[in-house]
Each structure stands twice: as structure tokens, then as C-alpha cells.
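For reference, the chains in residue letters:
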Amino acid sequence: RPFTFPQSEKDWGFFLLFAIGGHMLIALAAELFKNGDLKFNSDMILKKIMLASSENVSLICFGEAFLQGFDGLTWDHEKDSEIALTANDPVIEKIKLAAAQSSVAVSFGYIERSAEVFYSSNIFISDSGKILNNFRRLSPGWKVPYADNLYYKEGKDFSLFEYMGKKMATAICGDLWYDDILAKAQSLCADVFLWPLYVSYSVNDWEDGIKQEYAQRVAGIDAPVLMINSFLPEKDGAMGGCCVFRDGRVERELKMGDRGLLIFEV
């Protein structure tokens, strides 16, 4: 199906890239968030769900901790109890409703609160508004060194789930840089592997070799690995860009430094 940029989309600076041949259109969103601004970030998710629907996308994916912002926590347990959200928080319920109304599944990172414990999690909501998966990051790199491990914790394992006939799994950022966790990921036999993260490499460093290191790192996962970064144009902020890694190579990409959507089929 041919696509022509609407003029307004040009003005917004979106870049849409397509791969051909498959059954499910997936959009990886290298999008802007604001640390600590729940309304701005949730509105961004809602806006992009609508855009995805207009392009017949089946699933749109956002980066790590997108809902509150990667640096959205204070690391004070009492204060963070007001920042972290349960999976049935009204904000997430609103996103679930938008997914169902638009018939678009959505995946995004958020800081989850379960009782008194916080996790860096990624939630997958189906096109009918149902939570299909709530994955908790397995590695500790999301926390500051002085975080109280009594309250800020990691998940226990991966979990496979199915959407549109595809077996899917999620890892968050540093998870796949631990050999034992990577070995578990390789044994899952997923059809699609989501990899939301937050990385702030310079464009030059990324292109000069780090991108290929990422591709090689996940070469043993026998599925397309979908890397979703965010966009935060601040000093040492994330520089956007998304990649589809497969067999140790970059199969498709939205260049680091670019904000927008990478859309392809699986």
C-alpha cells in the first residue's frame, strides 16, 4: 500500500520507513517524553495510537519507562509512591480504552507499583484493551546506586505471550547484556522480541560501532529484536532512533538522532 506524507506530518518531523512482506504492521516510536510529566507522556501515547490507527498499524511500541520518563523517580519511597502506577491506574485504563477504540495494540514502559514495591516494567495492551503481558525488568541497571532494594526490585523471569498469532516476549534495556538473562531469552523461541530501552549515545559513537555491538549481542535470538529508544533533546539525553536486529545485523532502522516511527511488517 503506497503512503504519502500528509503535509502536517512533515511539519511534525516524522519519518516512516516500511519493510515489505508479512502479516502485522508494527510501529516503533522514537518519541519525546518529559521526565515527571505524566499528562504529557500519556497524551503522547494516546496521540500516537491515533496516528497508528490511521496507518492501519496493529501495534505501536514505546521505550523504557516512557509513561513517567526515564528519570521520573525521586528514589524517595514516599514520594515515588505517588509517581509509580499500578497496572489498573486510571491513566493506564484510559490508554486501554484508546487501544480498544482504535483497534491498535500498544506497548510502553512505566514505573510500576505493586503494593509497596516498585518495578521498571513494560505493559502490552491488546487491540481490545486487554493487558496481555506485564514484564518487569530483570536487571538492576535502572536504579541509582543508593536505591533501597527493599522497595525497588526486579522481576523474576521472562514470559511468552501471543498477539495476532505471534509468540512475543520483552526484555528491557540492560537485561540482554547479562549472559544468563540473554541465554534465557535465546531459549524462548519467540517470533518477535521487544527491546524497549533508553540509551544516550552520541550519533557518531552509535554509528561508529556501538550499533553493531547491539546487533551482535542479540544475534543468538532467533527472532527480529525490536529496539525502541526514546527522544529527549537535552544534555546526555536519548537521541531517538529505533532498530530491527536480526542475525547479527541491522535489518531496518530509524537513524539515531531522528524522532519518529519505524513501521514494518512481520
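The structure we're discussing is the one just above.
Along each chain, residues carry numbers from 1 onward, in the same order as the chain's sequence is written. Confidence filtering applies because this is a predicted model: local features only for residues at pLDDT of at least 70, side-chain atom pairs given and counted only at 80 or more, and all residues used for totals across whole chains, interfaces and linings. Heavy atoms throughout the structure, all of them, feed into the side-chain values; hydrogens and water do not.

**A few points about the pairing of strand S12 (residues 249-254)**
Along any regular strand, the residues point their side chains to alternate faces of the sheet.
Now for step 1: For two strands to be treated as a pair, DSSP must find at least two bridges joining them. By definition, any uninterrupted DSSP run of H or I lasting at least four residues is a helix, any uninterrupted run of E lasting at least two residues is a strand, and each is numbered from the N terminus. Bridging between strand S11 (residues 242-246) and S12 involves 5 bridges; their strand directions are antiparallel. By the bridge assignment for S12, Cys 243 is matched with Glu 253.
Now for step 2: Taking the residues between adjacent antiparallel strands as the criterion, S11 and S12 are bridged by 2 residues, where Asp 247 takes a positive phi near 55°.

**Here's the deal with the pairing of strand S10 (residues 225-228)**
Now for step 1: For the exposure calls, accessible area comes from a 1.4 Å probe over protein chains only, and a residue counts as buried if that area is under 20% of its type's maximum, exposed if over 50%, partly exposed in between. Across the two faces of S10 the burial is the same, with Val 225 and Met 227 and Leu 226 and Ile 228 all buried.
Now for step 2: Pairing of strand S9 (residues 192-196) with S10, which is carried by 4 bridges, proceeds in the parallel orientation. Within S10, the position partnered with Leu 194 by the bridge is Leu 226.
Now for step 3: The handedness of the S9 to S10 crossover, carried by helix H6 (residues 203-217), is right-handed.
Now for step 4: Relative to S11, S10 is paired through 4 bridges, and the arrangement is antiparallel. Within S11, the residue paired with Met 227 across the bridge is Cys 243. Look down the strands so they point away from you; if going from the first strand over the helix to the second traces a clockwise path, that crossover is right-handed.

**Regarding the sheet that holds S11**
Now for step 1: Overall, mixed pairing links the 6 strands, which are arranged S7-S8-S9-S10-S11-S12 in an open sheet. What marks the edges here is a single partner per strand, and that holds for strand S7 (161-163) and S12. Strand after strand, the sheet turns through a mean of 25° between neighbouring axes, direction not considered.
Now for step 2: In what follows, residue pairs with any heavy atoms lying within 4.5 Å of each other are defined as contacts. The convention used is that axes are lines fitted to C-alpha atoms, helices contributing only their stretch in contact, and that angles between N-to-C directions extend from 0 to 180 degrees. H6 rests against S9, S10, S11 and S12 of the sheet, and its axis sits at about 120° to S12.

**Let's talk about the side chain of Ser 42**
Now for step 1: By the secondary structure assignment, Ser 42 is in helix H2 (residues 38-54).
Now for step 2: A residue is classified by how much of its surface remains accessible, and Ser 42, at 9% relative accessible area, is buried.
Now for step 3: By the criterion applied in these results, polar contacts are pairs of N or O atoms within 3.5 Å in which, for protein atoms, one can donate a hydrogen and the other can accept it, and in which residues neighboring in sequence qualify only through two side-chain atoms. Here Lys 39 takes part through its backbone oxygen, which lies 3.2 Å from a polar atom of the side chain of Ser 42.
Now for step 4: When sequence neighbours within four positions are dropped, the list of residues in contact with Ser 42 reads Leu 67 and Val 91.

Read these as geometric descriptors, not functional statements.
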